[in-house]
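So you can see what is in the structure, the chains are spelled out below.
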Amino acid sequence: MPQTQFDCVIRGGRVATAVDEFDADVGINDGVITAIGRKLDKGATEIDAKGRLVLPGGIDAHAHIEQLSAAGIVNADTFESATVAAAHGGTTSVICFAAQHRGMNMITVVSDYMALAKKGAVIDYTFHLIIADPTDVTLNEHVPALVAQGHSTLKVFMTYDLLNVGDEKLLDILLAARQSKALVCVHAENHGMVSWMGKKLVEKGYLAPKYHTISHPRGCEAEAFNRLITFGELIDQPIMIFHVSTAEGVAAIRAARGRGLKVFAETCPQYLFMTGKDVDKPGIEGAKWMCSPPPRTEADQEAIWQGLALGDLQLISSDHAPYAFNDKGKLSAGPNPHFKQIANGMPGIESRLPVLFDAMVSKGRLGLQKFVELTATAPAKIYNLHPKKGSISIGADADIALWDPKRQVTFSDAMMHDGAGYTPYAGRTVTGWPMTVMRRGEVIVSDGKLAAKPGSGIWLPRPGGVPATPLGRLTADMDPARNFGAKLL
Ligand SMILES: [Zn+2]
């Protein structure tokens, strides 16, 4: 044993993982957890964790950062502002989007985006690749090359005029992903229904932000989920369904998983804590609460909690998509836009963990282990960042948040660190707050003060791993033993 055994010891806290909770010291060397035990030897640095919960840093698996929208608006965050906000909220890794738009070269998109991340990020990061122009070159050359480099999730839209790929191309993308062993994440809503409802509402003069909530009729979700699940089954390709908002959506996922299909699913705090009524504000104030899919009803919230409890949904991500409430963001079409002219999305990268901790740990819904699982361990496993990320264990990166479970904080617009300038949770008081946040053994936030430099976050390459591996269970149509010998996969 060397003389000074640890670079740092987190002493006297209560450690929690997705399965356990115990009193222990945590020893760190070279940014990695090397010991968990009682009465560890002195470290070169000591952090007093008495009265603190020692939790793995959060992983936010769905955040839009410094991303150009299809409409040509850049959202309100740089890598620096978004990851500083994430760190203040206890999140130490993020998965954001390298977004291809029509006509763009995917390789260039990724390298340009990587340069932005390298310059600004204070937490670790990895990307989902948005495919909006699935040409032969994109699918047959660029996707395999990028997946081989460690970009192992593709994201596809089934709605939005400029992003949705249509059924046939969606099948092509699922097949390309299968061949490269990438997971396919999907924004699944029925495009025709959303588009038709939007036109009808505008035509009849229903223009306020609240009409956004019914312009995405609830049925458009389960319809698209079922179509996507059917496609995934045909291609034998694992899928991740993003931001589930309805009870019928949860039921569709439960049925698919019940049949043994490799279907993963995520929800977001806005679908657990908000309803369509939150968008019903005077004037265009409701624009701040507009996201897609929209928040639904209390009954949907309950169904989603149940889906999380039963494991039908595995993750709670932020879907952070900040647009300032000015002419650069929500009001880019003028001071009095109708709902179809307003960018969709809300900030959430900083508030995600505190609002969930308050509900799950302080108020007791599903409890501490499930909180750790849904916000850190499960995203690490599904996106193949585990065991390096997502838990407090020997050999894992020392990404650790020390929570004061008694600390009460009331959210205000002014305290947030992202670029939106407002939070949907302003005025809400939560119990429990991440006081000290460490990334790879380095304190990056302490008592509300940032201690990390822009560019100190690193890219996390990741192959697809087990979650992206096909089941090997072919439908009769795809199985050469039953389809007259046609080899299609
Ligand atoms: Zn999103």
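Residues numbered from 1 in each chain as written. Predicted model: local features only at pLDDT ≥ 70, side-chain atom pairs only at ≥ 80, totals over all residues. Heavy atoms only, no water.

1. Digging into the overall build of the chain
A count of helical and extended segments in the chain gives 12 helices and 17 strands. Taken over the C-alpha trace, the chain has a radius of gyration of 22 Å; the compact-globule value for 489 residues is 23 Å, and the two agree within 12%. For the chain, with 489 residues in total, the buried portion stands at 60%. The contacts in the chain between residues at least 6 apart in sequence include a share of 76% that link residues at least 24 apart. (Helix = DSSP H or I, 4+ residues; strand = E, 2+ residues; numbered from the N terminus. Rg over C-alpha atoms; globule rule 2.2 N^0.38 Å. Buried < 20%, exposed > 50% of the residue type's maximum accessible area, 1.4 Å probe, protein only. Contact = heavy atoms within 4.5 Å.)

2. Considering the environment of V19
Inspection of the secondary structure puts V19 in the loop between β1 (6-16) and β2 (21-29). The spatial distance from the C-alpha of V19 to the C-alpha of K370 is 8.1 Å, given a sequence separation of 351 residues.

3. Here we look at the sheet that holds strand β10 (residues 183-187)
Taken together, eight strands build an open sheet; the order of strands is β6-β7-β8-β9-β10-β11-β12-β13 and the sheet is parallel. The two strands at the open ends of the sheet, each matched to only one other strand, are β6 (58-63) and β13 (315-316). Two strands pair when backbone bridges link them, and strand β11 (residues 239-241) and strand β12 (residues 263-267) are joined in this way by three bridges, in the parallel orientation. Bridging from a neighbouring strand, I241 pairs with A265 of β12. Of the strands in this sheet, β6, β10, β11, β12 and β13 touch helix α12 (residues 367-382), which is tilted by about 65° from β6. (Pairing = 2+ DSSP bridges. Axes fitted to C-alpha atoms, helices over the stretch in contact; angles between N-to-C directions.)

4. Focus on helix α5 (residues 191-203)
Between its first and last C-alpha, α5 extends 18 Å over 13 residues, near the 18 Å set by a 1.5 Å rise per residue. Every buried residue of α5 is listed here: V194, S195, G198 and L201. Each buried residue of α5 lies within a common arc of 135° when the element is viewed along its axis, so the set occupies one face. For α5, the exposed residues lying more than 90 degrees away from the buried face are W196, K199 and E203. Against α6 (211-215) and α7 (219-235) lie the buried residues of α5. Just downstream of α5 lies G205, where phi reads positive at about 85°. (Expected span 1.5 Å × (residues − 1). Arc of directions from axis to C-beta.)

5. Some words on the side chain of H88
Position of H88 among the secondary structure elements: in helix α1 (residues 79-88). Owing to a relative accessible area of 6%, H88 belongs among the buried residues under this scheme. Setting aside anything within four residues of it in sequence, one finds H88 in contact with E350, H417, W433, P434, V445, G448, K449 and L450.

6. Description of the coordination of the zinc ion
At this site the zinc ion is bound by H62 (NE2), H64 (NE2) and D319 (OD), with donor distances of 2.0 to 2.1 Å. Mapped onto the sequence, the residues coordinating the zinc ion show the spacing H-x1-H-x254-D. With respect to burial, H62 and H64 carry one shared label: buried. (Donors = N, O, S within 2.8 Å, 3.2 Å for Na, K, Ca; no water.)

7. A few points about the packing of helix α11 (residues 352-362) against α12
Following both chains from N to C, one finds α11 and α12 inclined at 150°, their axes separated by 9 Å at the closest point. Classified by the angle between their axes, α11 and α12 sit roughly antiparallel to one another. The element α11 and its partner α12 pack so that their crossing is right-handed. Every residue of α12 that contacts α11 at R352, L353, L356, F357, M360 and V361 is listed here: G367, L368, K370, F371, L374 and T375. Looking at the contact of α11 with α12 residue by residue, the class counts come to eight nonpolar, two polar and two charged. (Parallel < 35°, antiparallel > 145°, perpendicular 65-115°, else oblique. Left-handed = near helix turned anticlockwise from the far one by under 90°. Nonpolar A, V, L, I, M, F, W, Y, C, P; charged D, E, K, R; others polar.)

8. Some thoughts on the pattern of salt bridges
Under the criterion given, the structure shown has 29 salt bridges. In this structure, the salt-bridge partner of K169 is D172, at a minimum N-O distance of 4.0 Å. Highlighted residues: K169 and D172, both in helix α4 (residues 166-180), separated by three residues, approximately one helical turn. A residue is classified by how much of its surface remains accessible, and K169, at 31% relative accessible area, is partly exposed. Among the charged side chains, a salt-bridge network with shared partners connects D124, K388, K389, D397, D399 and R440. (Salt bridge = Lys/Arg side-chain N within 4 Å of Asp/Glu carboxyl O.)

9. Re the environment of G219
Considering the arrangement of structural elements, one finds G219 in helix α7. Residue G219 is classed as partly exposed on the basis of its relative accessible area, which comes to 37%. Taking the C-alpha atoms as reference points, G219 and M193, 26 residues apart in sequence, are found 8.7 Å from one another.

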